[in-house]
Every structure is written in C-alpha cells, then in structure tokens.
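# A closer look at the structure
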Amino acid sequence: ASDSKIIEGDFVALAKDGMYEDRYDCAVTNACFGNFFDGKALLDAKASSLKPNGKLFITHPLGKSFVEKLHESDNSMVPHLLPQKYQLEEYANLSQMELDDFTEEKVAENNIYFASLKKCDRM
C-alpha cells in the first residue's frame, strides 16, 4: 500500500480550511507555477500543508525561458514567470520556509528549473 496522495483542485482554497495542515512530507509543483495567480498564496498553502522539515519542489522541465515565451504569448494563461532565486528566498522567509536548493541549467536543448524549499521547524 502506498502513502502517496494526489490532490487535484485549487490547493490554495483547499488549504484555507486547515484540512491539510502539517500533513505531508513533500509537495511538488511541476510545470505550473507560472499559471497560479498568487505565488505567495500558493507557497503559504503548500508550507502550511507540510510537516516540519517537509520539502516543496518547484520544477519545470523546459525552464524559465520556455515559461517566459508562454507568458509573452498569453499572459492570461501564464500570468507569472518562474521566480528568480532572490524571489524564492523572499517568499520562503515569509512562508516559514528556507530555500534548500536552486538550479537553472541547460540539459540538452532545455533549461531545467529546479527549486527545493524546506519548511522550517520554527512555528
């Protein structure tokens, strides 16, 4: 039996009722961060759902430049860009998290984007 759970829906709204508070070891946001209207609200919701020392991964297999092109072509569908390292550090600090790892590197023809944040033990 697996302990994995996939949640599909408006995670920010779901987190507001406290149903998922301190519940998960890990949360993944893959290839969709730019589609959220409020990145800070998303990080707050994800942080509240994580157990202390839990990890949040923000990834995009095609990287920041791909998201920038999508944003330029339709900013109603992709209202935001992937956060830069300093932005993640600011968000993390405000969301009781810390930036654990950050990478933007070219692999083959794509620029991989990877950020790992850890929920702080402080409450």
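Quick summary incoming for the structure in this document. This structure is a prediction, so every number in the text was calculated from the model and none was measured. (Residues numbered from 1 in each chain as written. Predicted model: local features only at pLDDT ≥ 70, side-chain atom pairs only at ≥ 80, totals over all residues. Heavy atoms only, no water.)

## Section: the overall build of the protein
Stated formally: Strands are runs of DSSP state E lasting at least two residues, helices are runs of H or I lasting at least four, and both sets are numbered from the N terminus onward. Atoms counted for the radius of gyration: C-alpha only. Globule rule: 2.2 Å times the number of residues to the power 0.38.
From N to C terminus, the protein includes four helices and four strands. Start at the N end of the protein and walk to the C end: the helices and strands fall as α-β-α-β-α-α-β-β. For a compact globule of 123 residues, the expected C-alpha radius of gyration is about 14 Å, and the protein comes in at 14 Å, within 12% of that figure. In terms of overall dimensions, the protein has C-alpha extents of about 40 × 35 × 25 Å along its principal axes.

## Observations concerning the sheet that holds strand 1 (residues 24-30)
How we decide: DSSP bridges decide pairing: two strands pair if at least two such bridges lie between them. Think of each axis as a best-fit line through the C-alpha atoms, taken over the contacting stretch in the case of a helix, with angles from 0 to 180 degrees between the N-to-C directions.
Taken in spatial order, the four strands line up as 1-2-4-3 in an open sheet, and their pairing is mixed. Edge strands, defined here as strands with exactly one partner in the open sheet, are strand 1 and strand 3 (97-107). For this sheet the average axis-to-axis angle between neighbouring strands, irrespective of direction, equals 10°. Where strand 2 (residues 50-60) lies against strand 4 (residues 110-119), six bridges are found, and the strand directions are antiparallel.

## Thoughts on the packing of aromatic side chains
Heads up, the condition is: Ring pairs shown here join Phe, Tyr and Trp side chains whose ring centres sit within 6.5 Å, with only the six-membered ring taken for Trp; geometry is labelled stacked below 30 degrees between planes, edge-to-face above 60, and tilted in between. Three exposure classes are used, based on accessible area relative to the maximum for each residue type with a 1.4 Å probe and protein chains only: buried under 20%, partly exposed in between, and exposed over 50%.
Applying the stated criterion to the full structure yields three aromatic pairs. When the centroid spacing of 5.5 Å and the interplanar angle of 90° are considered together, the rings of Phe-102 and Tyr-113 count as edge-to-face. With Phe-102 in strand 3 and Tyr-113 in strand 4, this residue pair connects regions lying 11 residues apart in the sequence. With respect to class, Phe-102 is no different from Tyr-113; both count as buried.

## Section: the pattern of salt bridges
We count it as follows: Note on definitions: salt bridges are taken to be side-chain nitrogens of Lys or Arg within 4 Å of carboxyl oxygens of Asp or Glu.
Taken as a whole and assessed by the stated rule, the structure comprises six salt bridges. Between Asp-22 and Lys-119 there is a salt bridge; the shortest N-O distance is 2.7 Å. In this pair, Asp-22 is assigned in the loop between helix 1 (11-16) and strand 1 and Lys-119 in strand 4, connecting sequence segments 97 residues apart. By relative accessible area, which is 33% here, Asp-22 ends up partly exposed. The exposure class assigned to Lys-119 is buried, which follows from its relative accessible area of 3%.

## Some words on unusual backbone geometry
Phi is positive for Asp-22, which is not a glycine, with a value near 50°. Notably, Asn-53 is not glycine yet its phi reads approximately 70°, a positive angle. Mapped onto the fold, Asn-53 is located in strand 2.

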